[in-house]
Amino acid sequence: MSENTQQARTVSAKSTDALDLKALVLLAILLAAGFILNFTLGKAISTMSGGMISPEFIISAFCITILVVRPNIPQALVIGLISAAVIQLTTTSPFIDFAAEGISAMLMAGIVSAAAKKGSVSPVAAAVATFVTTAVSGVIFMVIKIAMVGAAEQLAAAMLPVIMLTAVFNAILVAALYIPIKKALKLND
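Fair warning: this is a prediction, and the values are worked out from it, not measured in the lab.

Caption draft 1: Focus on the overall build of the protein. Check the secondary structure of the protein and you find six helices and zero strands. A total of 189 residues make up the protein; the buried ones form 40% of that total. Excluding contacts between residues fewer than 6 apart, the proportion of contacts in the protein whose partners are at least 24 apart in sequence is 74%. If you sum the accessible surface of the protein, you get close to 10300 Å²; carbon and sulfur atoms cover 69% of it.

Caption draft 2: Main features of the environment of N38. Mapped onto the elements of the fold, N38 is located in helix α1 (residues 21-48). The spatial distance from the C-alpha of N38 to the C-alpha of I87 is 8.3 Å, given a sequence separation of 49 residues. If we ignore the near neighbours within four places in the chain, the residues touching N38 are K43, P55, E56, F57, I58, I87 and T90.

Caption draft 3: Structural context of the nonpolar core. Membership of the largest hydrophobic core comes to 29 residues, with the highest contact counts inside it found for F62, I66, L67 and M108. Counting 10 residues, the second largest nonpolar core, distinct from the first, contains I96, A100, F141 and M142.

Caption draft 4: Looking closely at helix α3 (residues 73-87). Here α3 is 15 residues long and its end C-alpha atoms lie 21 Å apart, about the 21 Å a rise of 1.5 Å per residue gives. Residues of α3 that are buried: Q75, A76, I79, G80, S83, A84 and I87. In this structure, the buried residues of α3 make contact with α1, α2 (58-69) and α4 (96-117). The opening residue of α3, the one whose side-chain oxygen lies 2.8 Å from the backbone nitrogen of Q75, is N72.

Caption draft 5: Structural context of a nonpolar patch on the surface. A grouping of V124, V128, F131, V132, V139, V143, L160, M164, V168 and I172 is seen on the molecular surface, where their side chains present a nonpolar patch of about 780 Å² in accessible area. Broken down by secondary-structure element, the contributors of at least two residues to the nonpolar patch are α5 (123-149) and α6 (152-184). Ranked by residues supplied to the nonpolar patch, first place goes to α5 with six residues. With respect to the element layout, V124 can be found in helix α5.

Caption draft 6: Molecular detail of unusual backbone geometry. Residue R70 is not a glycine yet carries a positive backbone phi of 55°. Positionally, R70 belongs in the loop between α2 and α3. Positioned with a positive phi, F95 is a non-glycine residue whose angle comes to about 75°. Turning to its location among the elements, F95 is positioned in the loop between α3 and α4. Note on F95: relative accessible area 62%, which makes it exposed.

Calculation criteria
Residues numbered from 1 in each chain as written. Predicted model: local features only at pLDDT ≥ 70, side-chain atom pairs only at ≥ 80, totals over all residues. Heavy atoms only, no water. Helix = DSSP H or I, 4+ residues; strand = E, 2+ residues; numbered from the N terminus. Buried < 20%, exposed > 50% of the residue type's maximum accessible area, 1.4 Å probe, protein only. Contact = heavy atoms within 4.5 Å. Areas by Shrake-Rupley, 256 points an atom, 1.4 Å probe, with all protein chains shown as cover. Core = buried A, V, L, I, M, F, W, Y, C linked by side-chain atoms within 4.5 Å. Expected span 1.5 Å × (residues − 1). Polar contact = N/O pair within 3.5 Å; in protein donor to acceptor, adjacent residues only side chain to side chain. Patch = residues over 30% accessible without salt bridge, like charges linked within 9 Å, V, L, I, M, F, W, Y side chains within 5 Å. Salt bridge = Lys/Arg side-chain N within 4 Å of Asp/Glu carboxyl O.

Pasting the structure below:
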């Protein structure tokens, strides 16, 4: 009798440094949720502040995406720019978000990468990374807005509390959703 042994086949794929379909679908779903929050709660805050302040909850969407997908820095930039494009539908200050979200998405990817090197990224690390990312995005937005319209003291006084409250909200939201989303997608660190 001949012995028939089979070896497991392995397939190796060359990395293209492109975001895969699963990552883009996740981003689209989360951006839709962030858009709804922006369009409802964000618009309510904007109306109450006379249009001077519009918090962006889409940041929490790209933070969760970056936590789950673990993109490299250029891929994170793409995620940030896609997010900024969605924000253009609800913003009162067009184009500023491209700088704010592009830079902050790369920051988020850097923080997540550093945390992942130390082991599993915990919900606490996710919350801290999201808080920092949201705060930096808001401050970049504020600085550009001040440079465009002036009124530095008034804008800073009006925007900084909203930036910090949005950062806290996003941090809590992302920390609460990070593990369930990872489990739903059957992902491990």
